[in-house]
Amino acid sequence: MRIRYRCKGFTYIELAIAMAIIALIVLGFTQVFLRSVVSVRGMKFQSIAYNFAASRMEELKMTLFDGIGNPWFPNIWETQAQTVSGNVFTRNVTISQLEASLKRVDIEVIWTEEGQNRNIEISSLVSRF
Amino acid sequence: MFNIRDERGVALVLALALLAVLSILAVAMVFLGRYETTFLIKERLSDSALYIADGGVEYALNELDKDSDYRGPTTYGLGNAGDFTVTVSTDGQPADRYQITSIGCVPTVASPQETRTVRLLVDLTEQMSPVFEHAIASQGNITLQGNAVVNSDNPQGEGDIYSGGNILLQNNATVNGDASAVGTITTQGSSTITGEQNPGTPALTFPEVDTAGYITEAQAGGTHNGNFVVPGDINLGPLFIDGNLVIQGNHQVTLTGTVYVTGSVTLQGTPEAFSFTGSETLIANGDVTMQGNASAGIPLVISVHGNVTLQGNITVQGSVIYAPEGNVVIQGNPDVTGVIVGQTVTAQGSPTITRQVDLTGYPLPGGGISTITHVSWREL
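Residues numbered from 1 in each chain as written. Chains lettered and ligands numbered in written order. Predicted model: local features only at pLDDT ≥ 70, side-chain atom pairs only at ≥ 80, totals over all residues.

A. Expanded view of the overall build of chain B. Each helix and strand in chain B was counted, giving two helices and 32 strands. By the burial criterion, 40% of the 380 residues in chain B qualify as buried. Long-range contacts, defined as pairs at least 24 residues apart, comprise 40% of the intrachain contacts of chain B with a sequence gap of at least 6. (Helix = DSSP H or I, 4+ residues; strand = E, 2+ residues; numbered from the N terminus. Buried ≥ 20, exposed ≤ 12 C-beta atoms within 10 Å, placed from the backbone. Contact = placed C-beta atoms within 7 Å.)

B. Summary view of the interface of chain B and chain A. Across the contact, 24 residues belong to chain B and 23 residues belong to chain A. Secondary-structure elements contributing two or more residues to the side of chain B that touches chain A are helix 1 (10-66) and strand 32 (368-379) of chain B. Residue contributions to the side of chain B that touches chain A peak at 18 residues, all from helix 1 of chain B. Of the residues in the side of chain B that touches chain A, the class split is eleven nonpolar, seven polar and six charged. (Nonpolar A, V, L, I, M, F, W, Y, C, P; charged D, E, K, R; others polar.)

C. Spotlight on the environment of W111 of chain A. All names here are of chain A. Along the chain, W111 falls in strand 3 (residues 102-113). Put simply, W111 and F45 are 66 residues apart on the chain and 8.4 Å apart in space, counted from C-alpha to C-alpha. Beyond its immediate chain neighbours, meaning those up to four positions away, W111 contacts F45, A49, N87, V88, F89 and R118.

D. Seen up close, the packing of helix 1 (residues 12-61) of chain A against helix 1 of chain B. Put simply, helix 1 of chain A and helix 1 of chain B touch, their axes get as near as 10 Å, and they point 20° apart. As judged from the angle between their axes, helix 1 of chain A and helix 1 of chain B are roughly parallel. Our pair here, helix 1 of chain A against helix 1 of chain B, has a crossing hand that is left-handed. For the pair helix 1 of chain A and helix 1 of chain B, the contacting residues are F29, V32, S36, S39, V40, M43, Q46, S47, Y50, A54 and M57 of chain A in the first and A26, V30, G33, E36, T37, L40, R44, D47 and Y51 of chain B in the second. Looking at the contact of helix 1 of chain A with helix 1 of chain B, its residues break down into eleven nonpolar, six polar and three charged. (Axes fitted to C-alpha atoms, helices over the stretch in contact; angles between N-to-C directions. Parallel < 35°, antiparallel > 145°, perpendicular 65-115°, else oblique. Left-handed = near helix turned anticlockwise from the far one by under 90°.)

E. Main features of unusual backbone geometry. Cis geometry marks the peptide bond from G72 of chain B to P73 of chain B; its omega dihedral reads -5°. The residue P73 of chain B is located in the loop between helix 1 and strand 1 (74-77) in this model. Between G237 of chain B and the following residue, P238 of chain B, the backbone shows a cis peptide bond with an omega angle of -5°. Mapped onto the elements of the fold, P238 of chain B is located in the loop between strand 17 (234-236) and strand 18 (239-242). Non-glycine residue E114 of chain A carries a positive phi angle of around 55°. Among the secondary structure elements, E114 of chain A is positioned in the loop between strand 3 and strand 4 (116-127).

F. View of helix 2 (residues 211-219) of chain B. All buried positions along helix 2 of chain B are accounted for by Y214, E217 and A218 of chain B. Projected down its long axis, helix 2 of chain B carries its buried residues within an arc of 95°, all on one side. (Arc of directions from axis to C-beta.)

G. Examining the nonpolar core more closely. Residues and elements named next belong to chain B. One finds I136, I161, V259, V320, I321 and I340 to be the most contacted residues of the largest nonpolar core, which totals 69 residues. If you tally residues by element for this core, the top one is strand 29 (residues 315-330), at seven residues. Once residues within four sequence positions are removed from consideration, I321 is found in contact with V301, V308, V328, G338, I340 and V341. One finds L64, L78, A81 and Y98 within the second-largest nonpolar core, a separate group that totals 42 residues. (Core = buried A, V, L, I, M, F, W, Y, C linked by C-beta atoms within 7 Å.)

H. Geometry of the pairing of strand 2 (residues 83-89) of chain B. Residue and element names in this part refer to chain B. Note that strand 1 and strand 2 share four bridges and pair antiparallel. Along strand 2, the bridge assignment pairs T75 with T85. Counted along the chain from strand 1 to the antiparallel partner strand 2, the turn is five residues long, and its residue G79 has a positive phi close to 60°. (Pairing = 2+ DSSP bridges.)

I. The arrangement of the environment of T309 of chain B in detail. Residue and element names in this part refer to chain B. Relative to the helices and strands, T309 resides in strand 28 (residues 308-310). Sequence separation between T309 and V288 is 21 residues, and the spatial gap between their C-alpha atoms is 6.4 Å. Residues in contact with T309, not counting those within four places in the same chain, are T289 and V329.

Structural data, given as structure tokens:
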């Protein structure tokens, strides 16, 4: 016995609507993914910058008080750069002598991301004691 | 028999199910990414707050060096980086142990996003310039005449004297302690030195007077232009007097803050008696004169450029008298308990000078933290 089927299939309009809906969904997800990727990469750079700053801060806290900075003149004491993942991170250390036995340490790290300048800064005090 | 009609629409169901699963996975990944980002931001701010808090500990150590009575709380801003609030406590701690607690806040103490708290226990030992470890010390000569007696309070027999020049004892002058001089030591008549005599001893450095610090402390209470004559019983200080300070008659004056006098200080009690007490510092650019039947008990009396004269029957209790550029002259029958340090020191008549051995807490020039031992550091 031969059975006949109705093989009508999708119309072009149905296909077009389906593809449009799928395209909208994919586009939405793509946007979110791209934003997420940019955000994660930005945080990666921030982490690199922060570690670059923190490592110097730890070194300075272990340094003899008189060996830190130029007395009484608040200015950039030292500048250093390092390249990580093709990005250049520049670290500026500023020392301000607040009192005879108290100095302020500001460490700023600057880098460029998506064509824009970014920076992070950490600060602390160090005493002679 | 296999009937294919039963499978109609299965593809749509499978496709929708797959799409749902993929959507859930995608949303989960997006949220995970956002969570990681938020976590990293918080972690970075938190680490910044830790450095801010650590800065607060350093701030407190510096303040304790200037004044061991410092307790805070102090809130201090480090620009855009953050603020810290630091306090110091000795409650429940052994002697000389200080507990420093510092809270670091980012970005501000008023509206913190992240806070870290650290606590440091330290043992601080205060140092004292060795010139104050004598009953009498001078950069130049020391001359003791008549029936002058030098001793110490507790224990007795440690009324040591030091001279950056020569020491001369005449008549019945007595030193119950050691005598040390860069130059010579001479005893004439019935004068006596009960302890060691150390001529040719190494010179000591006399500490400078931080006049700017005292002026700032005094000016915090205001400025009086012209001579200040004490009108009666009074609580005095902090006060900056651009002139002379005069106390005459039977008045009770209590120093309640640093008093800085640009001119001279004269305390005259004859024939009445004045009483001059307090726990603060009296400092004058010019001469300081105390005379009459009176008593004075001020921890630190400084004449920056002038002379100090003690006359009559005046009683001085627990005072360090410091005249690094002037002569200290003691005449008559003064009874002095404390320490006398001057460019030169001369005692005549029958004065009694008793060295106060324990000067703990005295705000002496050249003092500060000598040793610091970190006992423990922990984060709360």
